[in-house]
Amino acid sequence: MQLLLIQTQVMKVDMESALMQMDQIMRANRLNFSLMACMPAVLVGSSILSITSTSIGTRNYRTRTQSREDMRMLLGEAERALAELTYSRNKSFASGMLLYALNTLFQSVQKHRNCFSPAEWRAVRLDIMTMSDNEVPVESKLNAVARLARVKAFVPEPHRVPQI
């Protein structure tokens, strides 16, 4: 009977030492468990950030594309008014239409000034002012229109697919 009692005591001590070792291992891995517990939250946060940045980038792309299209259309309208000034009998009316088209183009360019580099902005402003001057011959105004059509902010962007 004493042998059985001693055996039980030895097993109890072995079990307690095994539990102590497991407790030490658990304490040592507490950081790992904490990191594993927060991993789903990190994944959800990063996916939300990715989706949000993609939608913002797509919206900015659409806005920039729309502003470029608006400026190209207004430049085309100014070019048509300039052609009408060349062939029209009523020069004052055609000149007024050209000034109106150039004013609208200048307002649009000023509104979307962030599409231009500082050097481009100065060149575009100078070309629009040159086109609005009545003393400048029509050929020079047509050259200014051609220069404006080559400016980077007026050229359409190539189609791009947003990254997901």
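This text gives an overview of the structure that appears in the document.

Rules behind the numbers
Residues numbered from 1 in each chain as written. Predicted model: local features only at pLDDT ≥ 70, side-chain atom pairs only at ≥ 80, totals over all residues. Heavy atoms only, no water. Axes fitted to C-alpha atoms, helices over the stretch in contact; angles between N-to-C directions. Helix = DSSP H or I, 4+ residues; strand = E, 2+ residues; numbered from the N terminus. Parallel < 35°, antiparallel > 145°, perpendicular 65-115°, else oblique. Left-handed = near helix turned anticlockwise from the far one by under 90°. Contact = heavy atoms within 4.5 Å. Nonpolar A, V, L, I, M, F, W, Y, C, P; charged D, E, K, R; others polar. Expected span 1.5 Å × (residues − 1). Buried < 20%, exposed > 50% of the residue type's maximum accessible area, 1.4 Å probe, protein only. Arc of directions from axis to C-beta.

### Re the packing of helix H3 (residues 91-111) against helix H4 (residues 118-132)
For the pair H3 and H4, interaxial distance at closest approach is 10 Å and the crossing angle is 165°. Between H3 and H4, the angle falls in the class roughly antiparallel. Considering the relative orientation of H3 and H4, their crossing is left-handed. Residues Leu 98, Leu 99, Leu 102, Leu 105, Phe 106, Val 109 and Gln 110 of H3 form the contact with H4, whose participating residues are Trp 121, Val 124, Arg 125, Ile 128, Met 129, Met 131 and Ser 132. Residues that form the contact of H3 with H4 fall into these classes: 11 nonpolar, two polar and one charged.

### A closer look at H3
Over its 21 residues, H3 runs 30 Å from end to end, which matches the ideal 30 Å to within 8%, given 1.5 Å per residue. For H3, the set of buried residues is Ala 94, Ser 95, Leu 98, Ala 101, Leu 102, Leu 105, Phe 106, Ser 108 and Val 109. Down the axis of H3, the sector holding all buried residues measures 160°, keeping them to one side. Projecting away from the buried face of H3 at angles above 90 degrees are the exposed residues Ser 92, Tyr 100 and Lys 111.

Function cannot be read off these values alone, since they describe shape.
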